[in-house]
Amino acid sequence: LGVPMQGQESHSPVDDCKVSLQLYREYIKTGNAANAARKLQQMRFQKQFPPGKPLVIEGVCTFKYNAKECFCGQPTASFR
């Protein structure tokens, strides 16, 4: 894509997101999106993705929506 990602002063999640969306849009133009969707679905059903790691950042609980993983004792939210 010709987008500089390295050598910046700090990491920007916003820039990461913009580049990810740009890559996605470019991939859709190839006409292979349906094949990619089938492959991802197959990988999911065969459990070929690595397990997600709990998100604890510098000792801060990030499990607002996951009561089973929360360790801080604060009320958790739900998707109802």
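By convention here, each chain's residues receive numbers from 1 onward along its written sequence. In view of the model being predicted, local features appear only for residues whose pLDDT reaches at least 70, and side-chain atom pairs are presented and counted only at 80 or more, with totals across whole chains, interfaces and linings using the full set of residues. Only hydrogens and water are set aside when side-chain values are computed; all heavy atoms of the structure are taken into account.

**Student:** Talk me through the overall build of the protein chain; I want residue IDs and the actual numbers.
**Tutor:** Elements are defined by DSSP. Helices are runs of H or I of four residues or more, strands are runs of E of two residues or more, and each kind is numbered from the N terminus. Looking only at helices and strands, the protein chain has 2 helices and 2 strands in total. Ordered by position in the sequence, the α and β elements of the protein chain form the string α-α-β-β. A 1.4 Å probe rolled over the protein chains alone gives each residue an accessible area, and that area as a share of the maximum for its type sets the label: buried under 20%, exposed over 50%, partly exposed in between. Taking all 80 residues of the protein chain together, the buried fraction comes to 4%. Whether two residues are in contact is decided by their heavy atoms, any of which lying within 4.5 Å being enough. Sequence-distant contacts in the protein chain: of pairs separated by 6 or more residues, those separated by 24 or more amount to 3%. When the accessible surface of the protein chain is totalled, it reaches about 7500 Å², and 56% of it is carbon and sulfur. Here the accessible surface of atoms and residues is derived via Shrake-Rupley with a 1.4 Å probe, and residues count as covered only by protein chains that are part of the display.

**Student:** Just give me the short version of the pattern of salt bridges, but keep the residues and values in it.
**Tutor:** Salt bridges are defined as contacts in which a side-chain nitrogen from Lys or Arg sits within 4 Å of a carboxyl oxygen from Asp or Glu. What the rule picks out here adds up to 1 salt bridge. Put simply, glutamate 26 and lysine 29 hold a salt bridge, and the shortest N to O gap is 3.4 Å. Residue classification places glutamate 26 among the partly exposed residues on the basis of a relative accessible area of 38%. Owing to a relative accessible area of 65%, lysine 29 belongs among the exposed residues under this scheme.

**Student:** Please give an account of the environment of valine 60 that cites residues and values.
**Tutor:** Mapping valine 60 onto the fold places it in strand β2 (residues 60–61). On a C-alpha basis, the gap between valine 60 and phenylalanine 71 in space is 9.2 Å, while along the polypeptide they are 11 residues apart. If near-sequence neighbours (up to four positions away) are discounted, valine 60 is found in contact with Leu55 and Phe71.

**Student:** Tell me about the confidence of the model for the protein chain, and please be specific about residues and values.
**Tutor:** Summing up the model confidence of the protein chain, the mean pLDDT is 82 and the portion of residues at 70 or higher is 88%. In predicted models, pLDDT denotes the confidence assigned by the predictor to each residue on a 0 to 100 scale. Within the protein chain, helix α2 (residues 33–45) carries the highest mean pLDDT (89), whereas strand β1 (residues 56–57) carries the lowest (79).

**Student:** Talk me through unusual backbone geometry; I want residue IDs and the actual numbers.
**Tutor:** Phi at lysine 47 is positive, roughly 55°, even though this residue is not glycine. Along the chain, the position of lysine 47 falls in the loop between α2 and β1.

**Student:** Outline the state of the cysteines, supporting the account with residue identities and numerical values.
**Tutor:** Throughout, disulfides are identified as pairs of cysteine sulfur atoms within 2.5 Å of each other. Counted under the stated rule, the structure contains 0 disulfides. Free cysteine: cysteine 70, not disulfide-bonded; nearest cysteine sulfur from cysteine 72 at 3.7 Å.

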